[in-house]
Amino acid sequence: MHLEGDDVCAVRDKCLKDFYLFAHRNYALETINSCFEKHDIEYVLLKGSVLRDLYPEKWMRTSCDIDVLIHEDDLDNAVSALQKETDFKFSKRLYHDVSLMTPNVHLELHFSIKENMDNIDQLLSKAWEYTVKQRGSHQYCFSPEYQVFHVVAHMSYHFVHGGLGIRPYIDLWLLRHKTEFDENIVKQMCKQCGILQFYEKCCDLSSVWFGEAEHDSVTLALEKYSIDGGIFGNQKNKSRAIQRNNRGIKYFVARLFISRQMLEILYPNLKKHPVFLPFYQVKRWIDALLHKRTKVKNEIRILKETNEDDLHSLNQLFDSVGL
């Protein structure tokens, strides 16, 4: 591809911005590591903080945040230490992590890597069992096989929620071609969690993009869905993914009355006061009307525009990747 003029400037500016953000994340990561070592906190670096080492240049592995796994028993100590000794400030607590912020960096301090999906959570809940302690450090690393599994499991989570983007396929390709691992163990893990077919199809698409494989009907559909939805999923993909199992009145019931587990993610106090479940259901509706009115309107518009052919194609894609 040959770029000229404004295109060259746009690419250069994007690279400079990525490098600028990487420099901030890299410095923040060093302070996090130092803080945890000082306070004897065991930790595992997740996602981009590890996978960046596989890229030609570390800054090329862009990321929205820093993800670190610690033991839940160490959570209060870790948050307190980070706030006292670094620039991080507490933001909020969600169902599996605590968010801390600096002006340029977002830290997700995980005490769990579960995704609220029963099939993959059976192994994600055992993450510490697949770690290896680094000599002379409080840092642990996933086994090579579990590292691959974690990437694929996280991909499956984003996939069923309407998005995926390109970056996870790059991560998967680099892991499979630049690290040593037992493929049979990875496949056993994926099979146990019902994502083996998904793993194989994602490998197929990465081989089309970064290798010499040819497209087939599945990789073409997978490519379109992944790119259209982006990393976090657009509203159209999310809505249609829900409609696969809930049409008509069932869709609205599913959207109005979400599970208690999901409500606890939005309103953590519900865990301590379960009697307020009806109150928080209503509060969620009010919050949506007050703060997400445009999003609600767009979702209704997408519902009206969705036809049976769209859902049939989506069902075929999900079936072809085993989800």
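Residues numbered from 1 in each chain as written. Predicted model: local features only at pLDDT ≥ 70, side-chain atom pairs only at ≥ 80, totals over all residues. Heavy atoms only, no water.

S.K.: I would appreciate a short explanation of the pattern of salt bridges in the present structure.
M.R.: Oppositely charged side chains may form a pair once their charged atoms are brought near each other. Under the definition given, this model contains six salt bridges. In this structure, the salt-bridge partner of Glu183 is Arg176, at a minimum N-O distance of 3.6 Å. Its relative accessible area of 22% is what places Glu183 among the partly exposed residues. Judged by relative accessible area, which is 25%, Arg176 ranks as partly exposed. (Salt bridge = Lys/Arg side-chain N within 4 Å of Asp/Glu carboxyl O. Buried < 20%, exposed > 50% of the residue type's maximum accessible area, 1.4 Å probe, protein only.)

S.K.: How do you make sense of the packing of helix 7 (residues 183-192) against helix 8 (residues 196-210) when you look at a structure like this?
M.R.: In a pair of packed helices, the angle between the axes and the distance between the axes together describe the arrangement. The contact between helix 7 and helix 8 brings their axes to 7 Å, and the two run at 130 degrees. Judged by the inter-axis angle, helix 7 sits oblique to helix 8. Contacts between helix 7 and helix 8 involve Glu183, Val186, Lys187, Cys190 and Lys191 on the former and, on the latter, Leu196, Tyr199 and Glu200. Split by residue class, the contact of helix 7 with helix 8 holds four nonpolar, no polar and four charged. (Axes fitted to C-alpha atoms, helices over the stretch in contact; angles between N-to-C directions. Helix = DSSP H or I, 4+ residues; strand = E, 2+ residues; numbered from the N terminus. Parallel < 35°, antiparallel > 145°, perpendicular 65-115°, else oblique. Contact = heavy atoms within 4.5 Å. Nonpolar A, V, L, I, M, F, W, Y, C, P; charged D, E, K, R; others polar.)

S.K.: Please clarify how unusual backbone geometry should be interpreted in this entry.
M.R.: Note: most residues except glycine have negative phi, and most peptide bonds are trans. Its identity is not glycine, yet Asp40 carries a phi of approximately 55 degrees, on the positive side. Within the element layout of this structure, Asp40 appears in the loop between helix 1 (5-38) and strand 1 (43-46). Look at Asp40 and you get exposed, because its relative accessible area is 53%. One non-glycine residue with positive phi stands out, namely Asn116, at about 60 degrees. With a relative accessible area of 23%, Asn116 lands in the partly exposed category.

S.K.: What is the right way to look at helix 7 in this model?
M.R.: Along an α-helix, residues three or four positions apart point the same way, because every turn accommodates 3.6 residues. Taken together, the buried positions of helix 7 are Val186, Met189 and Cys190. Here the buried residues of helix 7 occupy an arc of 95 degrees about the axis, which is enough to place them on one side. Seen from the buried face of helix 7, the exposed residues on the opposite side, beyond 90 degrees, are Asn184, Gln188 and Lys191. Looking at the buried residues of helix 7, the elements they touch are helix 4 (118-124), helix 5 (144-160) and helix 8. The opening residue of helix 7 is Asp182, an N-cap whose side-chain oxygen sits 2.9 Å from the backbone nitrogen of Asn184. Two residues or fewer past helix 7, Gly194 is found with a positive phi of approximately 75 degrees. (Arc of directions from axis to C-beta. Polar contact = N/O pair within 3.5 Å; in protein donor to acceptor, adjacent residues only side chain to side chain.)

S.K.: Is there a simple way to think about empty space enclosed by the protein in this case?
M.R.: The gaps of empty space that remain are located by a probe, the size of a water molecule, rolled over the atoms. Applying the stated rule across the entire model yields one cavity of 30 Å³ or more. Taken as a whole, the largest cavity holds about 90 Å³ of empty space. As for the largest cavity, its lining consists of Phe22, Arg25, Asn26, Leu29, Gly48, Ser49, Arg52, Lys58, Arg61, Ser63, Asp65 and Ile66. At the level of elements, helix 1 and helix 2 (48-51) are the ones that each hand at least two residues to the lining of the largest cavity. The element best represented in the lining of the largest cavity is helix 1, accounting for four residues. (1 Å grid on protein atoms, 1.4 Å probe; cavity = no way out; pocket = protein on both sides within 12 Å on 5 of 7 lines; lining within 4 Å. Points joined across faces, edges and corners; volume = space filled by probe spheres on them.)

S.K.: Even after reading the chapter, I still don't get the packing of aromatic side chains, so can you show me in this structure?
M.R.: When we look at a pair of aromatic rings, we describe it by the centre distance and by the angle of the planes. The full count for this structure, using the stated rule, is 14 aromatic pairs. Judged by centre distance (4.6 Å) and plane angle (50 degrees), the rings of Phe159 and Tyr225 are tilted. Taken together, the residues Phe159 in helix 5 and Tyr225 in helix 9 (residues 217-229) connect sequence positions 66 residues apart. Here Phe159 matches Tyr225 in class, with each residue buried. Note on Tyr225 and Phe318: the rings are 6.0 Å apart at their centroids and 85 degrees apart in plane angle, and the pair reads as edge-to-face. Placement of the pair is Tyr225 in helix 9 and Phe318 in helix 16 (residues 308-320), with a sequence separation of 93 residues. Here Tyr225 and Phe318 have matching classes, each one buried. Every member of this aromatic cluster is reached through a ring pair, and the members are Tyr130, Phe142, Tyr146 and Phe149. (Phe/Tyr/Trp six-rings, centres within 6.5 Å; stacked < 30°, edge-to-face > 60°.)

S.K.: Can you walk me through the sheet that holds strand 5 (residues 106-110) in this structure?
M.R.: In any sheet, the strands associate via hydrogen bonds between backbone groups, in a parallel or an antiparallel arrangement. A sheet is described by the order of its strands in space; here seven strands give the open sequence 3-4-5-2-1-7-6, paired in mixed fashion. Edge strands, defined here as strands with exactly one partner in the open sheet, are strand 3 (89-93) and strand 6 (131-133). Pairs of neighbouring strands in the sheet enclose a mean axial angle of 30 degrees, with direction left out of account. (Pairing = 2+ DSSP bridges.)

S.K.: Got a minute to help me understand the pairing of strand 1 in this structure?
M.R.: Consecutive side chains along a regular strand alternate between the two faces of the sheet. Residues of strand 1 alternate between two faces, with Tyr43 and Leu45 on one and Val44 and Leu46 on the opposite face, all of them buried. The pairing of strand 1 with strand 2 (residues 66-70) spans four bridges and is antiparallel. Its bridge partner lying in strand 2, Leu45 is registered against Val68. Examined bridge by bridge, strand 1 and strand 7 (residues 139-142) share two bridges and lie parallel to one another. Across the sheet, the residue bridging to Tyr43 is Gln139, located in strand 7.

S.K.: Looking at this model, I keep getting lost on the pairing of strand 7. Mind explaining?
M.R.: Taken together, the three bridges between strand 6 and strand 7 define a ladder with antiparallel strand orientation. Along strand 7, the bridge assignment pairs Val132 with Cys141. Hairpin remark: strand 6 followed by strand 7, antiparallel, with five residues in the connecting loop; positive phi at Gly136, about 70 degrees.

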